[in-house]
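# Report on the structure
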Amino acid sequence: MLLTFATGFGLGGGLILAIGAQNAFVLGQGLRRSYPVMVAFVCAFCDAILIAAGVAGLGTLVASYPLLTQIAAWGGAAFLIWYGFGALRRLFETESLSESDVKQADWKAILSTTLAVTLLNPHVYLDTVVMLGGIGGQFPADERLTFALGAMTASFVWFFTIALGAAWLAPYVARPITWKIIDGITCAVMWLVAYKLLAPEIAILLNS
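Residues numbered from 1 in each chain as written. Predicted model: local features only at pLDDT ≥ 70, side-chain atom pairs only at ≥ 80, totals over all residues. Heavy atoms only, no water.

This next bit is on the packing of helix α7 (residues 122–136) against helix α8 (residues 141–169). Orientation of α7 relative to α8, taken along the N-to-C sense of each, is 145°, at an axis distance of 9 Å. Viewed along their axes, α7 and α8 form a crossing whose handedness is right-handed. When α7 is examined against α8, the residues Leu 132, Ile 135 and Gly 136 are found in contact with a partner set consisting of Arg 144, Phe 147 and Ala 151. Broken down by class, the residue content of the contact of α7 with α8 amounts to four nonpolar, one polar and one charged. (Axes fitted to C-alpha atoms, helices over the stretch in contact; angles between N-to-C directions. Helix = DSSP H or I, 4+ residues; strand = E, 2+ residues; numbered from the N terminus. Left-handed = near helix turned anticlockwise from the far one by under 90°. Contact = heavy atoms within 4.5 Å. Nonpolar A, V, L, I, M, F, W, Y, C, P; charged D, E, K, R; others polar.)

What follows is the structure in structure tokens.
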């Protein structure tokens, strides 16, 4: 069982380590000290639900309906492009970190954005539901839960580490130039992910 747990932990961690829209958002919220615990928990909890669904067999179902992934690709790309424009706009503003910024943060808006960054990104479903679900489904029935718990643990460890680690670093990176760099990277990551989502769909439309 320990080996199965370690396998799930390693595979789950490997899939979420890559810099993507979700990780960039979590890092940004952590550096702003804007509800980092809530953001980390929501991301990890959503991952846990999707991993459980995938191991339970949903991954096979999703893979059999390409239309679902196409709809998710266009919707997710639209949101990422919009969020990237927001980061680009902040590049031309004077942004710094202060206690008043933290106090004025709207937790409801942050929660909804966290859910959108997480659930409107098709890569999340491909990584958790399809890939981890497909791999977990190959284990014997009595080991699938252990595999899923390993992958879920990796998600919780990762998101809380980057969110709280960034929050700890916030006082040391409070200069406006730092935030311009952060927003520039965030914009680039969001648009790069959107491009990766849309490129295959556009190629299909051009060849049809």
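Here we come to the packing of helix α2 (residues 21–31) against helix α6 (residues 107–119). As a packed pair, α2 and α6 sit with axes 9 Å apart at the nearest point and diverge in direction by 155°. Here α2 is positioned roughly antiparallel relative to α6, judged by the angle of their axes. Of the two possible hands of crossing, α2 and α6 adopt the one that is left-handed. Residues Ala 21, Gln 22, Phe 25 and Gln 29 of α2 lie in contact with α6, whose contacting residues are Ile 110, Thr 113, Thr 114, Val 117 and Thr 118. Looking at the contact of α2 with α6 residue by residue, the classes come out as four nonpolar, five polar and no charged. (Parallel < 35°, antiparallel > 145°, perpendicular 65-115°, else oblique.)

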